[in-house]
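Next come the chains, spelled out residue by residue.
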Amino acid sequence: MANQLRLIGGEWKRRVLRFESVAGLRPTPDRLRETLFNWLMWDLAGRRVLDVCAGSGALGFEALSRGATQATLIEPHRAQARRLQDNAQMLAAQTRLIVLNQTAQQALPRLQREAQPFDGVFLDPPYALNLWAELAHQVDPLLSAQAWIYVEADRPLDTLGLPAHWTLQKSTRVGQIFAGLYRSIHEQPSALTTDG
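Residues numbered from 1 in each chain as written. Predicted model: local features only at pLDDT ≥ 70, side-chain atom pairs only at ≥ 80, totals over all residues. Heavy atoms only, no water.

**Student:** So what exactly am I meant to see when it comes to the nonpolar core here?
**Tutor:** Within soluble globular proteins, side chains that are nonpolar generally end up buried alongside one another. With 67 residues, the main nonpolar core has Val52, Phe61, Leu108, Phe122, Val151 and Trp166 as its most contacted residues. Ranked by residue count, the leading element in this core is strand 7 (residues 143-153), at seven residues. Discounting chain neighbours no more than four positions away, the residues touching Val52 are Ile74, Ala104, Leu108, Val121, Phe122, Leu123, Leu135 and Val139. (Core = buried A, V, L, I, M, F, W, Y, C linked by side-chain atoms within 4.5 Å. Buried < 20%, exposed > 50% of the residue type's maximum accessible area, 1.4 Å probe, protein only. Helix = DSSP H or I, 4+ residues; strand = E, 2+ residues; numbered from the N terminus. Contact = heavy atoms within 4.5 Å.)

**Student:** Just to check I follow, could you spell out the side chain of Ser144 for this structure?
**Tutor:** As for its placement among the helices and strands, Ser144 is situated in strand 7. The class of Ser144 is buried, set by a relative accessible area of 14%.

**Student:** Can you walk me through the sheet that holds strand 6 (residues 118-123) in this structure?
**Tutor:** The seven strands lie next to each other as 5-4-3-6-7-9-8, forming an open sheet whose pairing is mixed. If you trace the sheet from one side to the other, it starts and ends with strand 5 (97-100) and strand 8 (166-174), each paired once. Strand-to-strand, the axes of this sheet are offset by a mean angle of 15°, without reference to chain direction. As judged from the five bridges shared by strand 6 and strand 7, these two strands associate in the parallel manner. Its bridge partner lying in strand 7, Phe122 is registered against Tyr150. Contacts from helix 3 (residues 78-90) reach strand 4 (70-74) and strand 5 within the one sheet, and its direction differs from that of strand 5 by about 170°. (Pairing = 2+ DSSP bridges. Axes fitted to C-alpha atoms, helices over the stretch in contact; angles between N-to-C directions.)

Following this line, the structure appears as structure tokens:
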């Protein structure tokens, strides 16, 4: 029998998502999800979001429930990828949700070629694989100006090797989970030039 969780806000509040029992799949706890979406309250409407390691799909569906226009979910496990599509159908969200049944390392170069930037990214890889730095640097070219990035880990955020121009805006800790909301802020070239 599939596991399940409830969405906590927005259009689909209290709707149930089902997900497979997959090794390493651990949905973001409700308390942390609530904190995250309070942080993002004004940063979801009309935005395109990417969930790099979707798992249960809780973060992507929660973003859609709260006004994101499109969510792309990367999920390598075939049965769980099908479950994500089933949940989209149940919520009549098929046109707003894209599921890529690949590893993040396979999917991110494909998304780079499509050259459609994302306004928000959820980066929550299986802890044991230690993929934060690798995936963060693959995600970076996909970000729109001033994009936000949510990072979740089982170790302090400043040890993850994230890009230097990702600026930590908010952070919290729930039990053994460290979570932070970053902005991708690239230095703008100065408008002032001097002639020698």
